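# An overview of the molecular structure
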Amino acid sequence: MFQNNKINILIPLLVGIIVALLPTPEGLSVNAQYFFALFLTVIIALILEPIPAALIGLTGVAFAATFGLVGDTAKASRDWALSGFSNGVIWLIFAAFMFALGYKKSGLGKRIALLLVKYLGKTSLGLGYAVAFADGVLSPFMPSNTARSAGTIFPIAINIPQMFNSTPENEPRKLGGYISWVAIAATCVTSSMFLTALAPNLLAVSLVEKSTGIVINWAQWFSTLGIVMVPLFLLVPFLAYIIYPPEQKKSPEAPAWAAKELKEMGPVSKNELLMLGLGMLALVMWIFGKEIGVNGTIAAIFVLSLLVLTNVISWEDVITNKAAINVFIWFATLVAMASGLKQVGYLKWAAGLIAGSLSGFEPTMIVIVLVVLFFLFHYLFASVTAHTVALLPLFLGVAVNLLPAEMIQPLSLLLVGSLGLMGIITPYATGPSPIWYGAGYISQATWWKLGAIFGAIYLGALVLLGFIIL
């Protein structure tokens, strides 16, 4: 283990050093090449993760600022290094993580999942819809699909196949394989359906604004991407039922089990009602914030304050939430690193090179090619966040060079809308994937095959949306 960790530290460093020592390409400054070498080191380290992700980002920013790779003066370097921490989207992500904690701590998330199993779980297909709907109901309020799918849904759903003696060792296809696949397939769709359903979505809209000046809000995200995401979400359990069917079609014991669990939970608590009300308040302000003059980040911080004041969560929960603080530092430093690529001129240079190879294509075809490539490149990434930071600014830079101004916004929506969907393609593509894969119901070969099939369906839906909105 220690040996592997040392290798995982050395690989990013060696790649960075080699890139820094290569001859500087024509049109690129030496300083820009050095910063790109550092950026590449950070991205590879995020993929291999020899040390915590937040520390990787923080180290990269500190190194760049210390050696003046971004900014002409010490003050300019400092301002750049801290710029991510003043980004409103980063604070929105932090607040949204607290909402997720509220759903878990109050018990509301668990109750919602059990109620759906109770009322929909008489058949295997119904159980699939119960698992999917549980994820769908929670997704607008939980920006971590890991917390949502792996932390809230998994502990409940994984008990269901075991009631029918379907285990990884004994008849996994009886029910466990189907439930597992529906769960991961559904959370990938919900992660793209709502802006606040996946933390990298929020990071992505910040990068879009920095790269193009285009602002994407909650309502615009859902009204555009929902055109295909809602039908796709409703089809997921049925598609899984056809493509990867369970051997057992009926599940009469599941509703009884859910009813028993609900009885043990007792009546709906005051904190559950408060969490429900405050969650809806946040959602309303996110949707109608522009009309009522409330910024989405301020709305999230306001509701977070109410969650603490009403004791749904405690102030101790806020200041000791390691996951939220870790993501806050991680994303703030990655926003700075991504903006640094633009600031040193690397993005303009690289986008010009790629734009040259696409210059003969029609604008609509350029959009489709960029969306397909952006999606397929995720086979190389084990982190949606790393993918977003590494490729989104570059693809947007190419688009700005090649496309008419009115096509930049639709393309931006298609690119950011793909981030959740691409989590389906491999057993390591998104946070919950290793949890559901690790449950043991689906073999690696089957996962890759199903990932390719569903990935093609998801990408096809995204391309179809492209033709609709362009």
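Refer to the structure above for everything that follows.
Just so you know, the residues in each chain are numbered from 1, in the order the chain's sequence is written. For this predicted model, a pLDDT threshold of at least 70 governs which residues receive local features, and a threshold of 80 or more governs which side-chain atom pairs are given and counted, while totals over whole chains, interfaces and linings are taken from all residues. Side-chain calculation: all heavy atoms of the structure are included, whereas hydrogens and water are not.

### Observations concerning the overall build of the protein
We count it as follows: Strands are runs of DSSP state E lasting at least 2 residues, helices are runs of H or I lasting at least 4, and numbering of each runs from the N terminus. The atom set for the radius of gyration is the C-alpha atoms, and the globule formula is 2.2 Å times the number of residues raised to the power 0.38. What makes two residues a contact is simply this: any of their non-hydrogen atoms within 4.5 Å. Using a 1.4 Å probe, accessible areas were evaluated by the Shrake-Rupley method; residue-level cover was limited to the displayed protein chains.
Along its length, the protein carries 23 helices and zero strands. Its C-alpha atoms give the protein a radius of gyration of 23 Å, within 12% of the compact-globule value 23 Å for 470 residues. In terms of overall dimensions, the protein has C-alpha extents of about 70 × 50 × 50 Å along its principal axes. Within the protein, contacts between residues at least 6 apart in sequence are counted, and of these 79% link residues at least 24 apart. Taken as a whole, the protein presents about 19,000 Å² of accessible surface, with 68% of it coming from carbon and sulfur.

### Comments concerning the packing of aromatic side chains
Just so we agree on the cut-off: Pairing of aromatic rings covers Phe, Tyr and Trp, the last counted by its six-membered ring, and requires centre-to-centre distances within 6.5 Å; plane angles under 30 degrees mean stacked, over 60 mean edge-to-face, and any other angle means tilted.
In this structure the tally under the stated criterion is 23 aromatic pairs. Between F133 and F233 the ring centres are 5.9 Å apart and the planes differ by 45 degrees, which places this aromatic pair in the tilted class. One end of the pair, F133, is in helix α7 (residues 124-138); the other, F233, is in helix α12 (residues 218-243), with 100 residues separating them in the sequence. Each member of the aromatic cluster is reached from another via a ring pair, and the members are W181, Y437, W447, F454 and Y458.

### Some points on the nonpolar core
Rules: As used in this record, nonpolar core signifies buried Ala, Val, Leu, Ile, Met, Phe, Trp, Tyr and Cys residues forming a set joined through side-chain atoms within 4.5 Å. Exposure classes here rest on a 1.4 Å probe applied to the protein chains alone. A residue is buried below 20% of its type maximum, exposed above 50%, and partly exposed in between.
Of all hydrophobic cores here, the largest spans 175 residues; its most connected members are F35, W80, W181 and Y458. Sort the elements by how many residues they give to this core and helix α17 (residues 322-343) lands first, with twelve residues. Setting aside residues no more than four positions away along its own chain, W181 makes contact with A240, Y244, I424, I442, W447, L450, G451 and F454.

### Looking at unusual backbone geometry
With a phi angle near 60 degrees, N165 is a residue other than glycine that sits in the positive phi range. On the secondary structure map, N165 appears in the loop between α9 (159-163) and α10 (176-193). With relative accessibility at 46%, the residue N165 sits in the partly exposed group. Within the chain, N311 stands out as a residue other than glycine whose phi angle is a positive 65 degrees. Among the structural elements, N311 can be located in the loop between α15 (296-309) and α16 (315-319).

### Description of α17
The criterion, for reference: The span expected for a helix works out to 1.5 Å for each residue beyond the first. Counting of polar contacts relies on pairs of N or O atoms within 3.5 Å, with two restrictions inside protein: one atom must be capable of donating a hydrogen and the other of accepting it, and residues adjacent in sequence are counted only when both atoms are side-chain atoms.
With 22 residues, α17 should cover 32 Å at 1.5 Å per step; its first-to-last C-alpha distance of 31 Å lies within 8% of that length. The backbone nitrogen of A324 has a side-chain oxygen 3.0 Å away, supplied by the residue at the start of α17, namely N321. Where α17 ends, the next residue or the one after it, G345, has phi of about 95 degrees, a positive value.

### Topic: helix α2 (residues 30-48)
For α2, built from 19 residues, the straight-helix expectation of 27 Å at 1.5 Å per residue is met to within 8% by its first-to-last C-alpha distance of 27 Å. One or two steps after α2, the chain reaches E49, where phi turns positive at roughly 45 degrees.

### So, the packing of helix α5 (residues 88-106) against helix α14 (residues 270-292)
As a reminder of what qualifies: Lines fitted to the C-alpha atoms define the axes, with helices restricted to the stretch that makes contact. Angles between their N-to-C directions range from 0 to 180 degrees. Should an angle fall under 35 degrees it is called roughly parallel, over 145 degrees roughly antiparallel, and 65 to 115 degrees roughly perpendicular, with every other angle called oblique. The hand of a helix crossing depends on one turn: near helix anticlockwise from the far one by less than a right angle means left-handed, and clockwise means right-handed. Ten residues, namely Ala, Val, Leu, Ile, Met, Phe, Trp, Tyr, Cys and Pro, are considered nonpolar, four, namely Asp, Glu, Lys and Arg, are considered charged, and the remaining ones, Gly among them, are considered polar.
Direction vectors running N to C along α5 and α14 enclose 150 degrees, while the axes themselves pass 9 Å from each other. In terms of axis orientation, α5 runs roughly antiparallel to α14. For the crossing formed where α5 meets α14, the hand is left-handed. For the pair formed by α5 and α14, the contact residues are L92, F99, G102, Y103 and S106 on the first element and N271, E272, M275, G279, A282 and W286 on the second. Across the contact of α5 with α14, the residue classes tally to six nonpolar, four polar and one charged.

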